[in-house]
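Residue-level structural notes
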Amino acid sequence: MTDTVSAEQERREADLVERVARSFDDCADPRLQQLMTSLVRHLHAFVREVRLTEGEWAKGIEFLTAAGHITDDKRQEFILLSDVLGVSMQTIAINNEAYGNATEATVFGPFFVDNSPEIPLGGDISAGASGEPCWVEGTVSDSEGHPLPGARIEVWEADSDGLYDVQHDDGRTAARGHLFTDAEGRYSFWGVTPTPYPIPHDGPVGKMLAAVGRSPMRASHLHFMVSAAGQRTLVTHIFVRGDQLLDADTVFGVKPSLVKGFERQSPGTPTPDGRAADGAWSRVEFDIVLAPAGT
């Protein structure tokens, strides 16, 4: 509380907090009661600390309403809001506790789509997406070093224009797919070399970033979601070593362990699978370690 708030004013405000918190006393679900009571106390603490004006309250409601209006089955503005406030990364940190040498998790992002096409080992997820070809390979193992055959790997990424397939208006499915590891836990596929791109910034979240002087840019990355029986499902990215945005990723998703060397290959360099490469291409290796389920 500030020095300008009288004792009587402070008493009235504190009394309201307690009355609202007690309104959840009869909630039958203890966890829900905890969440709601804690939410009330933190929200009221914020309002009292900054001495929120009625005009500012109205602007906040206007912002949330706009976020709801722009959200649809292809765009989730509230996930973007959670991302740029670091809430997504904090939730991921809490729910993916460090476990030995397990690969670190990072933000899920708003552009995952169920039922992606299955590709064979060494297949191509690009499906015509613009960008420089990139060969991705590695292994999936448990935390004790045992390979995990049949692990499911979902991969998705933006094209060289900085757009995911769902952001195009022609219904395309591109730069996404899923595959399964072989008997030795190995995987490989062709995609496109990741490039930086802005998160959608034509809505309320973008306006908020502009108002506070923050960039909407994301560091170059490739999304993974990896699952296997008995293991904790991993949602992560890999990032491009040398990208100038690694320290300024707008959703705070970069972790040093996830920064990988995407090695540029000159035109004419033989590819691992004998594919003809007319121009330059890149390659990267990403070995994935899953933590046990329940950790």
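Let me sum up the structure you'll find in this document. Please read all numbers here as calculations on a predicted model, not as lab measurements. (Residues numbered from 1 in each chain as written. Predicted model: local features only at pLDDT ≥ 70, side-chain atom pairs only at ≥ 80, totals over all residues. Heavy atoms only, no water.)

1. Focus: the nonpolar core
Inclusion rule: Residues enter a nonpolar core if they are buried and are Ala, Val, Leu, Ile, Met, Phe, Trp, Tyr or Cys, with the set joined through side-chain atoms within 4.5 Å. A simple rule labels every residue: compare its accessible area, found with a 1.4 Å probe on the protein chains alone, to the largest value its type can have, and call it buried under 20%, exposed over 50%, or partly exposed in between. Throughout, a residue-residue contact means that at least one pair of heavy atoms, one from each residue, lies within 4.5 Å.
Counting residues in hydrophobic clusters, the biggest one holds 35 residues, and the most contacted among them are Val140, Tyr187, Phe189, Phe224 and Ile288. Beyond its immediate sequence surroundings of up to four residues, Tyr187 is in contact with Leu121, Val136, Glu137, Gly138, Thr139, Val140, Ile153, Leu179, Thr181, Phe224, Phe286 and Ile288. By size, the runner-up hydrophobic cluster in this structure holds 7 residues, among which are Trp156, Tyr164, Val166 and Tyr197.

2. Focus on the sheet that holds strand 8 (residues 221-227)
Let me state the cut-off plainly: Note on pairing: DSSP must find at least two bridges between two strands before they are called paired. Segments assigned H or I by DSSP are reported as helices when at least four residues long, segments assigned E as strands when at least two residues long, and all are numbered from the N terminus.
Pairing is mixed across the open sheet formed by 5 strands, whose spatial order is 4-3-8-9-10. Of all the strands in the sheet, just strand 4 (176-180) and strand 10 (259-260) have a single pairing partner and so form its edges. Direction of pairing for strand 3 (residues 152-156) relative to strand 8: antiparallel, over a ladder of 5 bridges. Its bridge partner lying in strand 8, Val155 is registered against Phe224.

3. Some points on the environment of Glu8
By the element assignment, Glu8 lies in helix 1 (residues 7-22). For Glu8, a relative accessible area of 36% corresponds to the partly exposed category. Put simply, Glu8 and Glu285 are 277 residues apart on the chain and 64 Å apart in space, counted from C-alpha to C-alpha.

4. Side note on the pattern of salt bridges
Stated precisely, the cut-off is as follows: Any carboxyl oxygen of Asp or Glu that lies within 4 Å of a side-chain nitrogen of Lys or Arg is treated as forming a salt bridge with it.
According to the stated counting rule, one finds 17 salt bridges in the structure shown. Between Glu13 and Arg51 there is a salt bridge whose closest N-O contact spans 2.7 Å. With Glu13 in helix 1 and Arg51 in the loop between helix 2 (30-50) and helix 3 (54-70), this residue pair connects regions lying 38 residues apart in the sequence. A relative accessible area of 13% places Glu13 in the buried class. Relative accessible area serves as the criterion here: at 31%, Arg51 is assigned to the partly exposed category. The partner of Lys59 in a salt bridge is Glu62, and the shortest N-O contact between them spans 4.0 Å. Of this pair, Lys59 and Glu62 are both found in helix 3, 3 residues apart, which corresponds to roughly one turn of the helix.

5. Examining the packing of helix 1 against helix 2
Definition in use: Angles shown run from 0 to 180 degrees and are taken between the N-to-C directions of axes, each axis being a line fitted to C-alpha atoms and, for helices, limited to the stretch in contact. Roughly parallel covers angles under 35 degrees, roughly antiparallel covers those over 145, roughly perpendicular covers 65 to 115, and oblique covers all other angles. Left-handed describes a crossing in which the near helix is turned anticlockwise from the far one by less than a right angle; the clockwise case is right-handed. Each residue is assigned to one class: nonpolar for Ala, Val, Leu, Ile, Met, Phe, Trp, Tyr, Cys and Pro, charged for Asp, Glu, Lys and Arg, and polar for all the others, Gly among them.
Relative to each other, helix 1 and helix 2 sit at 160°, their axes nearing to 9 Å. Accordingly, the angle class assigned to the pair helix 1 and helix 2 is roughly antiparallel. Crossing handedness for the pair helix 1 and helix 2: right-handed. Two secondary-structure elements touch here, helix 1 through Glu10, Glu13, Ala14, Leu16, Val17, Glu18, Val20 and Ala21 and helix 2 through Thr37, Val40, Arg41, His44 and Arg48. Considered class by class, the residues forming the contact of helix 1 with helix 2 number 6 nonpolar, 2 polar and 5 charged.

6. Description of the packing of aromatic side chains
Operational definition: Within 6.5 Å between ring centres, the rings of Phe, Tyr and Trp (the latter by its six-membered ring) count as paired, and their orientation is classed by plane angle as stacked under 30 degrees, edge-to-face over 60, tilted in between.
Throughout the structure, instances matching the rule amount to 11 aromatic pairs. On the numbers, 5.2 Å between centres and 50° between planes, the contact of Phe108 with Phe112 is tilted. With relative accessibility at 32%, the residue Phe108 sits in the partly exposed group. Taking the centre distance of 6.3 Å and the plane angle of 25° together, the rings of Tyr187 and Phe189 count as stacked. Residue classification places Tyr187 among the buried positions, given a relative accessible area of 2%.

7. What to know about the pairing of strand 2 (residues 133-142)
Across the 10 residues of strand 2, 8 count as buried, placing the element largely inside the fold. When strand 2 meets strand 12 (residues 281-285), the two strands line up parallel, connected through 4 bridges. The residue of strand 12 that forms the bridge with Cys134 is Ser282. Of the strand pairs in this sheet, strand 2 and strand 13 (residues 288-290) are connected by 3 bridges, and their pairing is parallel. Paired with Ser141 across the two strands is Val289, which belongs to strand 13.

8. A few points about the environment of Ser143
The topology assignment puts Ser143 in the loop between strand 2 and strand 3. Remark: the alpha-carbon pair of Ser143 and Arg75, spanning 68 residues in sequence, is separated by 35 Å. Sequence-distant contacts of Ser143, that is, excluding residues within four places in its chain, are made with Tyr99, Asn101, Val289, Leu290 and Pro292.

9. Overview of helix 4 (residues 77-84)
Residues spaced three or four apart along an α-helix point in a common direction, a consequence of the helix completing one turn every 3.6 residues. The test is simple: Side-chain atoms alone can form a polar contact between residues adjacent in sequence; in general such a contact is a pair of N or O atoms within 3.5 Å, and within protein one must be able to donate a hydrogen while the other accepts it.
Judged by how many residues are buried, helix 4 sits mostly within the fold: 6 of 8 residues are covered. Of all the positions in helix 4, only Glu77, Leu80, Leu81, Ser82, Asp83 and Val84 are classed as buried. Between a side-chain oxygen at the N-terminus of helix 4 and the backbone nitrogen of Phe78 the separation is 2.9 Å; the capping residue is Gln76. One or two positions beyond helix 4, positive phi appears at Gly86, with a value near 80°.

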